[in-house]
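Take a look at the letters that make up each chain.
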Amino acid sequence: MVPAYNESESLPGTIADLREHYPKTDIIVINDGSTDGTAEAALGLEVTLLDLPFNLGIGGAVQTGLLYAARHCYDIAVQFDGDGQHRADEVSKLLRAIQSGQCDAVIGSRFLVPSQYRPPLMRRIGIAAFNTVNSLILSRRISDSTSGFRAYNRKTIEFLAQNYPHDYPEPESVMILCRSGFRILEVQVEMRERQNGQSSITFLRSIYYMCKVMLAILIGATRRPLRRPMDEI
Amino acid sequence: MKSEIQILAILGSLAVLLLVIHLIRRRMLREEYALLWFGGGIVLLVLSLWRGLLHTVAGLVGVAYPPSVLLLGVIATGFLVSMHYSVSLSRLDQQNKRLAQELALLRLQVEKAAETPAPAAGE
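Analysis parameters
- Residues numbered from 1 in each chain as written.
- Chains lettered and ligands numbered in written order.
- Predicted model: local features only at pLDDT ≥ 70, side-chain atom pairs only at ≥ 80, totals over all residues.
- Heavy atoms only, no water.
- Pairing = 2+ DSSP bridges.
- Helix = DSSP H or I, 4+ residues; strand = E, 2+ residues; numbered from the N terminus.
- Axes fitted to C-alpha atoms, helices over the stretch in contact; angles between N-to-C directions.
- Contact = heavy atoms within 4.5 Å.
- Buried < 20%, exposed > 50% of the residue type's maximum accessible area, 1.4 Å probe, protein only.
- Buried area = accessible area lost by both parts, 1.4 Å probe.
- Salt bridge = Lys/Arg side-chain N within 4 Å of Asp/Glu carboxyl O.
- Polar contact = N/O pair within 3.5 Å; in protein donor to acceptor, adjacent residues only side chain to side chain.
- Nonpolar A, V, L, I, M, F, W, Y, C, P; charged D, E, K, R; others polar.

(A) Looking closely at the sheet that holds strand β5 (residues 105–109) of chain A. Residue and element names in this part refer to chain A. Spatial ordering of the open sheet is given by β4-β6-β5-β7, a layout of 4 strands whose pairing is mixed. Edge positions in the open sheet fall to β4 (76–79) and β7 (184–188), since each of these has one partner strand only. Shown here is a sheet whose adjacent strand axes are inclined to one another by a mean of 20 degrees, direction ignored. Of the strand pairs in this sheet, β5 and β7 are connected by 5 bridges, and their pairing is parallel. Paired with G108 across the two strands is V187, which belongs to β7. Contacting β4, β5 and β6 (150–153), helix α6 (residues 154–162) crosses the sheet at an angle of about 100 degrees to β6.

(B) Representation of unusual backbone geometry in the model. All names here are of chain A. Despite not being glycine, C73 has its phi angle at roughly 55 degrees, a positive value. Overall, the relative accessible area of 52% leaves C73 in the exposed class. The phi dihedral of S139 falls on the positive side, at around 40 degrees, and the residue is not glycine.

(C) Local environment of α6(A). Listing the buried residues of α6(A) in full gives A:K155, A:T156, A:I157, A:F159, A:L160 and A:A161. Each element contacted by the buried residues of α6(A) is listed here: α3 (58–71), β4, β5, β6 and α7 (170–179) of chain A together with α4 (67–115) of chain B.

(D) Local environment of the interface of chain B and chain A. With 14 residues of chain B in contact, the opposing surface of chain A contributes 18 residues. Taken together, both faces of the contact between chain B and chain A bury some 1,400 Å²; the carbon and sulfur share is 56%. Among the residues chain B hides against chain A, the three largest losses belong to B:K97, B:Q101 and B:L105. Together they make up 36% of the total. Taken together, the connections running from chain B to chain A amount to 2 salt bridges. The residue B:R107 makes a salt bridge to A:D51 at a minimum N-O spacing of 3.2 Å. Summed over the shared surface of chain B and chain A, the result is 6 residue pairs in polar contact (both at pLDDT 80 or more). Considering only residue class, the side of chain B that touches chain A consists of 5 nonpolar, 3 polar and 6 charged.

(E) How the structure looks around the sheet that holds strand β1 (residues 2–4) of chain A. All names here are of chain A. Ordered by their spatial adjacency, 3 strands build an open sheet running β1-β2-β3, and the pairing between neighbours is parallel. Looking along the sheet, the strands with just one partner apiece sit at the ends: β1 and β3 (48–52). Put simply, the sheet's adjacent strands are angled 20 degrees from each other on average, direction ignored. When β1 meets strand β2 (residues 28–32), the two strands line up parallel, connected through 3 bridges. Residue pairing for β2: V2 is matched across the bridge by V29. In the packing of helix α1 (residues 11–21) onto the sheet, contacts are made with β1 and β2, and the angle to β1 comes to roughly 175 degrees.

(F) Representation of the pairing of β6(A) in the model. Residues and elements named next belong to chain A. Alternating residues of β6 divide into R150 and Y152 and A151 and N153, and every residue in both groups is buried. Looking at chain direction, β4 and β6 are connected through 4 bridges and run antiparallel. By the bridge assignment, Q79 is partnered in β6 with R150. Pairing between β5 and β6: 3 bridges, direction antiparallel. The partner of V106 across the bridge, within β6, is A151.

In structure tokens:
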């Protein structure tokens, strides 16, 4: 699953990278109402294109991919950013974790072990805040709750297809999954610096998003845990 | 309550009621909202016509200046109505999102179906 919003420049490179490592895998590109010809760029590539009629935000876009995966009974779904930040040669680490059966969802973390990667200050503060809050609520260490480089097993796909948070969903989804009894694992991955395109979270908006997501997490933590689809039988 | 204020209040609530009736006639207001605003307008009208009731209510809540009860009523109504809108908007947003997602999934299915031509009738 590759969510893409105005990524026409970086998308071909991202897909080529994925294809090189996974020639046979189904790649689902979710075009989130882009205005720069991302859909056209994707049509020329060997991918399945889910074309949203208007911009839903990253949460809505990823959920579209999860709905697709749920309905077509995929066993594993990997979430992979369209902007070239994630590396296809790191996907195998996520897949191994899921396939071993030791977890339901795996997060590619940039900070599990100390590394070279240093995001800009504002971003670092935001990431640290979410990690702290999530770690406190879940009383376990979450080293990178903002990472969008993830893989989910079948059970998790079905759950998230129905319950996925809104526009900046990563930290909240960690909380929801964990509290609903899914086993989450983090593995250390390398990421590239962003190549083309702006982050979907610009400087001023990041403050707004931080407040919004914090509110969502804190109130969400007071909710009763959502039930897993498995438990409803 | 001074009569000037009473006249103003009566005119105001009549204006609200007329506006609501106008909007319903033009089919610009759905019934559930129309009822809400209509009810609000009538309460205002009754309170401004019936001094005794206004004074009783003011006495009950301990307000020295009865007309401010009207003001309180207006503000409270406005607050509740806009909160109701926020809830409706959030629900619409959710439904809108799901519609867009279904549309994207269906679009893909239609395109796939168009690529593989259906077997001719009779085969």
